[in-house]
Amino acid sequence: MCDDPAMPPAVARALEEYRALLAEHGVTWGEDPIFYVRSMTTDAYLMGATTFWDVCHGMLAARYPEVSPEERKNHLAELDMDEVVRNVLAGRVLDNLAALRLTSDGVTVDAHAQAVLEGKPLHTTLLVDSAREKPVTVLVDGRAHEIGPHGARLIKITSGSEVIADGGPVDLAPLTRPAPTARLRLRAGFPCRWSVYGEHGQGWYPEGAPDRRDYHVMPYFHGDDVVLDVPAEPLTVRVSRGMEYGSAEVVITPVPGEETLLELSPERLYDAAARSWYGGDMHVHLNWAGDMVGTPALAAAMQHGEDLHVLNLVAGNVSSARVYDSEALTHWAGQDLPWSDATHLARLGVEYRNDLLGHFYAFGLSAPPSRFHTGFLGTVDWPPNSVACEELRSLGALMGYSHPFHNPISDTEGPAHLLWRGRNCSSREIVADAALGLVDSLDVLTHSSIAATAVVYRHLIGAGNRLAVTAGTDAMVSFARRGNQSNPPGWARVYARVDGSLTAGSFAEAVRRGRTFGTTGPWLELSVDGHGPGATLDLSPGARVTVTVRSIGPEVERLEIRTADGVLAEGPPGELTAELAVTDPTYVVALATGGPHERTLTRGAYAHTSPVYLDLGGRHVAREADIRWCLEWLDGMEEVLRQEGTFETAGQLGDHLELIERAREVYRSRLG
């Protein structure tokens, strides 16, 4: 492991700077306060909430009733985030939030009483929620907080804080209940993910471990043979280890004043490495603002505890010029990180970012690039992302667009509504960069719309582009509570079939060759006459092939076999076989889908393979409908750049238009 004494001095200094930013500015670390930065202050309290955007737009509609919904988006940054939290919660209290209600009848405290051990005060947040028509002043530990009419304020407190409202002290006794102390020792025999929780979902953690929550708002930490102080009362203990394992769970009541040993381990569902398949997460942030500072030691514990074979920790900016973890990239570029071993490989990479054109990951680069981002703080959207792609490729990087698309789209819809909606990180340049061979993959498995990205992916490969399916979660070590971004890395993975031992080079080569599938958990095999993803079969017209798909995982509900013409076959999980007569060049991919499941740390289960390509007489698939879809995309991309791009000269816009025209020429040539 990488412990503090071995920390490179430049990395240690950077982490100290981040701690100072957190102490001074809170969760935003002083980033440019645009809306998505300001909304970070709500993340810890709205885990699992589904009404955030409805509430925000409702608040703006009440403030600007004559303004159109599209124009209201320009006012999002005006919203008071504490009031947004209050309105979304709609009277609920949480394990990490209590409420002080100020009504015309007086003052009340609303809370789920949290167990506290002797000598350990509760640290929590108090939501001051005023229903009064006039401003109110509340004193917390001697500091005055002004609450406006019908206003709200989030204030950090402890169970020992002094709170004064309406001129008198507020009794904070409802926040806590004393509990006798016990000690719990957890042992699996290998690093795992543990969840220990009691009444009202209150989580318990080893000393020094962050209070992390996953997509299901489940507390968790990583390790083996770990010891933690807990209340001597019924507790649920669950152990798991990434997607290749199931979980085991028991309810235990530790003995007061004693150490209780619990030996518990999860059952393996499949062993990918034994088949030369290695799973990677191409997009993980060590630090990206947040409610804590991410360290190499935490990343190491998470990678081994999840049995994640490949971890790409990306350096990137948020909304300003600072590039987090650039110091670590400078020190470790081109090297395996210190905790790597034969089946666990970690590297420092890059997230290159432009919010109008899209973000992409770079893995396995030999040195830092000269540029990490464009278009922030009102700077120009220039040069095109393609320039960064070319530089990163010269540094040996594997590259693919990240969290590409957010809005739903069907197989038959045009691309227009994926292109608009402002600077929302959508991968608008992917259609051009793919045609010009500048990127290797598309992160189909992400925290964004997987189904929409899969539709775009199939249009791209149907139009003659050869791209691999990859996965990048955008998990953030520096966030303990942020939906699926506070999930452990590797909750979605790209599995790549590697030749020989696992190295950064062998993994990147397997991805470049398209020998991949992406998944949120299920194992998914595709075989076309015995050939797997990435293979190309050159056939004669009318040749017949047998396609077989197999899945492993309790979350799978449906299997699909697709070609460039659509769904070839579908059926229940397990195994699906179909015969295909090949009359035109095409591809074959497999999908596995399912609804919400405890193993799936996002909205539903999903897996998608890269293609097996079926050529005819040396001709690649280049389906006219997909090519015209891509050409329509390029027309829309040009319009977006003209209307929303920031440029200082006509030549800067001209560079983008020249890129688009080169891509058009490629697609038009395929129509022939």
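Residues numbered from 1 in each chain as written. Predicted model: local features only at pLDDT ≥ 70, side-chain atom pairs only at ≥ 80, totals over all residues. Heavy atoms only, no water.

Undergrad: Can you explain the sheet that holds strand β8 (residues 163-165)? Please cite residues and give values.
TA: Spatial ordering of the open sheet is given by β6-β5-β8-β9, a layout of 4 strands whose pairing is antiparallel. Of all strands in the sheet, those with a lone pairing partner are β6 (143-147) and β9 (168-169), marking the two edges. Relative to β9, β8 runs antiparallel, the two being bridged by 2 bridges. Within β9, the position partnered with Ile164 by the bridge is Pro169. (Pairing = 2+ DSSP bridges. Helix = DSSP H or I, 4+ residues; strand = E, 2+ residues; numbered from the N terminus.)

Undergrad: Talk me through the pattern of salt bridges; I want residue IDs and the actual numbers.
TA: Inspection of every chain in the model, using the stated rule, returns 53 salt bridges. Residue Arg482 pairs with Asp43 through a salt bridge whose shortest N-O separation is 2.6 Å. With Arg482 in the loop between β26 (475-476) and β27 (493-497) and Asp43 in the loop between α2 (35-38) and α3 (52-63), the pair connects residues that are 439 residues apart, well separated along the chain. Classification of Arg482 as buried rests on a relative accessible area of 13%. Assessed through its relative accessible area of 16%, Asp43 is described here as buried. Across the pair Glu638 and Arg664 runs a salt bridge, and its minimum N-O distance is 2.7 Å. Placement of the pair is Glu638 in helix α13 (residues 624-644) and Arg664 in helix α14 (residues 650-671), with a sequence separation of 26 residues. Each of the two residues, Glu638 as well as Arg664, counts as buried. Look at the salt bridges and you will find they share partners, linking Asp411, Arg458, Arg558, Glu560, Arg562 and Glu570 into a network. (Salt bridge = Lys/Arg side-chain N within 4 Å of Asp/Glu carboxyl O. Buried < 20%, exposed > 50% of the residue type's maximum accessible area, 1.4 Å probe, protein only.)

Undergrad: Outline the sheet that holds strand β15 (residues 226-231), supporting the account with residue identities and numerical values.
TA: Judged by pairing direction, the sheet is mixed, and its 3 strands sit side by side in the order β15-β11-β18 without closing on themselves. The outermost strands of the open sheet, each flanked by one partner alone, are β15 and β18 (259-263). For this sheet the average axis-to-axis angle between neighbouring strands, irrespective of direction, equals 30 degrees. (Axes fitted to C-alpha atoms, helices over the stretch in contact; angles between N-to-C directions.)

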